[in-house]
Amino acid sequence: MSSILVSLETGVLAVTLNRPDKLNAFNPEMHEELRAALEQADGPEVRAVLLTGAGRAFCAGQDLSTRKVTPGAAPIDLAVSLGNYYNPLVRRLRELPKPVVCAVNGTAAGAGANIALACDLVIAARSASFVQAFSRIGLLPDSGGTWFLPRLAGSARAMGLALLGEKLSAEDAAAWGLIWKVVDDDKLAAEVEAVSDRLASAATQALALSKRALAASSGNALATQLDLERELQKLAGASADGLEGVNAFLEKRAPRFSGELA
Ligand code: T3D
């Protein structure tokens, strides 16, 4: 059985983590398959990505059954795992010039929680939860957790989540600004499909430029960010979709965006 399911429909590349009996915990095979699936997102036929999990969890982070060390043996070098797998995955999600929607269908724990937070629009089922499980097993948050949490939730809440490793409900995650929204469990599939379809018919380049500008903002002074907006808006305004958007508005009709990246 493949540990990643992939389908492409109406411009949306749907990627499902598919190790439900392991709560979709990551092993090297799942990392490799996910990497390959996300490579498909480079094609012009893909205009949005939807990431979710099969079964009752979104993802329980690293598969800990591969991490048992016998007493006296050399420890596993976790820097290798982060360098080969988790860090490139988070960077890929952040740098992909297409919107990534994450449908958090259940528990998101450890790296699973932070991979969800790395996505652009996170929509969670009401029964879902987020667990920075790392401290419980003697680790610190990775996969961008120490970067995302203080920026999204503020440093006090970031510290509490990281040090205590307590379960945060989807509703609190939304109230704390960690995610876009929470919906009833039976509405999740329809909601994420509607949002993904909407993004897949939007002006893809403008969305990519928005991602780029927002990503740069946390390291920029306002003056630098204003300069960046000026440069990027020049590109957006000169693009086919930029022209189509304004023309459609003036002609009082719905825009037909091509989604071309340049
Ligand atoms: O190592 C590196 O490469 C470095 C990178 C690390 C990144 C990380 O993600 S480190 C953090 C790893 N993840 C965790 O520590 C989470 C561990 N899991 C849990 O805390 C809980 O299972 C959950 C909060 C996710 C869910 O709790 P609950 O009560 O809903 O389910 P459960 O009963 O605990 O788990 C159900 C089964 O899934 C159970 O197996 P069993 O008893 O039915 O055979 C459990 O052992 C298994 N499971 C859950 N998480 C993992 C896992 N098996 C392997 N790895 C897991 N991460």
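Going by the structure above, here's the rest.
The following paragraphs examine the structure supplied in this document. (Residues numbered from 1 in each chain as written. Predicted model: local features only at pLDDT ≥ 70, side-chain atom pairs only at ≥ 80, totals over all residues. Heavy atoms only, no water.)

The terminal C-alpha atoms of helix α1 (residues 28-39) lie 17 Å apart, and with 12 residues this matches the ideal 16 Å at 1.5 Å per residue to within 8%. Among the residues of α1, those classed as buried are Met30, His31, Leu34, Ala37 and Leu38. Taken around the axis of α1, the buried residues stretch over an arc of 125°, which confines them to a single face. Residues of α1 that are buried make contact with β1 (4-9), β2 (12-17), β3 (48-53) and α2 (78-95). (Helix = DSSP H or I, 4+ residues; strand = E, 2+ residues; numbered from the N terminus. Expected span 1.5 Å × (residues − 1). Buried < 20%, exposed > 50% of the residue type's maximum accessible area, 1.4 Å probe, protein only. Arc of directions from axis to C-beta. Contact = heavy atoms within 4.5 Å.)

Another aspect to go through is the layout of surface pockets. Size it by volume and the largest pocket reaches roughly 860 Å³. In terms of lining residues, the largest pocket is bounded by 26 residues, among which Arg94, Cys119, Asp120, Leu121 and Leu214 are the most central. When contributions to the lining of the largest pocket are tallied by element, the ones reaching two or more residues are β7 (121-125), α4 (145-153), α7 (188-200) and α8 (204-217). Looking at the lining of the largest pocket, the element that brings in the most residues is α8, giving 6 residues. Of the residues belonging to the lining of the largest pocket, the class tally is 16 nonpolar, 4 polar and 6 charged. Space inside the second largest pocket adds up to approximately 410 Å³. Taken together, 19 residues line the second largest pocket, and the ones lying closest to its centre are Gln62, Leu64, Phe134, Ile137 and Leu139. (1 Å grid on protein atoms, 1.4 Å probe; cavity = no way out; pocket = protein on both sides within 12 Å on 5 of 7 lines; lining within 4 Å. Points joined across faces, edges and corners; volume = space filled by probe spheres on them. Nonpolar A, V, L, I, M, F, W, Y, C, P; charged D, E, K, R; others polar.)

In this section: the site of the ligand. Taken together, the neighbourhood of the ligand is formed by 22 residues, with Gln62, Leu64, Arg67, Ser81 and Ala111 sitting nearest. Between the ligand and Arg56 there is a distance of 2.9 Å, counted from an oxygen atom to a side-chain nitrogen or oxygen. The separation between a nitrogen atom of the ligand and a polar main-chain atom of Ala60 is 2.9 Å. In the complex, the protein chains occlude 66% of the 1,000 Å² of accessible area that the ligand would expose alone. Here the element with the most residues in the shell around the ligand is α2; it accounts for 4 residues. A breakdown of the residues in the shell around the ligand according to their chemical character gives 12 nonpolar, 5 polar and 5 charged. (Near = heavy atom within 4 Å. Polar contact = N/O pair within 3.5 Å; in protein donor to acceptor, adjacent residues only side chain to side chain. Areas by Shrake-Rupley, 256 points an atom, 1.4 Å probe, with all protein chains shown as cover.)

Attention now moves to the sheet that holds strand β6 (residues 107-109). Judged by pairing direction, the sheet is mixed, and its 4 strands sit side by side in the order β4-β6-β8-β9 without closing on themselves. The open sheet is flanked by β4 (57-59) and β9 (167-169), the only strands paired with a single partner. Taking the axes of each pair of neighbouring strands and ignoring which way they run, one obtains an average angle of 20° across the sheet. Across 3 bridges, the pairing between β6 and strand β8 (residues 129-131) is parallel. (Pairing = 2+ DSSP bridges. Axes fitted to C-alpha atoms, helices over the stretch in contact; angles between N-to-C directions.)

The next thing to look at is the packing of aromatic side chains. Tallying each qualifying case throughout the model produces 2 aromatic pairs. Taking 5.7 Å as the distance between ring centres and 75° as the angle between the ring planes, the aromatic pair formed by Phe26 and Tyr86 counts as edge-to-face. Here Phe26 is found in the loop between β2 and α1, whereas its partner Tyr86 is found in helix α2, with 60 residues between them in sequence. Across the pair, exposure class does not vary: Phe26 and Tyr86 are buried alike. On the numbers, 5.6 Å between centres and 90° between planes, the contact of Trp147 with Phe148 is edge-to-face. (Phe/Tyr/Trp six-rings, centres within 6.5 Å; stacked < 30°, edge-to-face > 60°.)

The next subject is the environment of Leu13. Within the secondary structure, Leu13 is located in strand β2. With relative accessibility at 0%, the residue Leu13 sits in the buried group. Those residues in contact with Leu13 that lie beyond four places of it in its chain are Val6, Ser7, Leu8, Ala37, Gln40, Ala41, Val46, Ala48, Val49 and Leu50.

In this section: α7. The terminal C-alpha atoms of α7 lie 18 Å apart, and with 13 residues this matches the ideal 18 Å at 1.5 Å per residue to within 8%. Burial in α7 covers these residues: Leu188, Val192, Val195, Ser196, Leu199 and Ala200. End-on view of α7: buried residues confined to an arc of 135°, all on one side of the axis. Facing away from the buried side of α7, by more than 90 degrees, are the exposed residues Ala190 and Arg198. At its buried positions, α7 is contacted by β2, β3, β5 (100-104), β7, β10 (181-183) and α8.

Here we come to the packing of helix α3 (residues 111-118) against α4. Running from N to C, α3 and α4 point in directions that differ by 60°, and their axes come no closer than 10 Å. Here α4 runs oblique to α3, going by the angle between their axes. Considering how the two elements wind past one another, α3 and α4 form a crossing that is left-handed. On the side of α3, the interface is formed by Asn114, Leu117 and Ala118, while α4 contributes Gly145, Phe148, Leu149 and Leu152. Its residues placed into classes, the contact of α3 with α4 shows 5 nonpolar, 2 polar and no charged. (Parallel < 35°, antiparallel > 145°, perpendicular 65-115°, else oblique. Left-handed = near helix turned anticlockwise from the far one by under 90°.)

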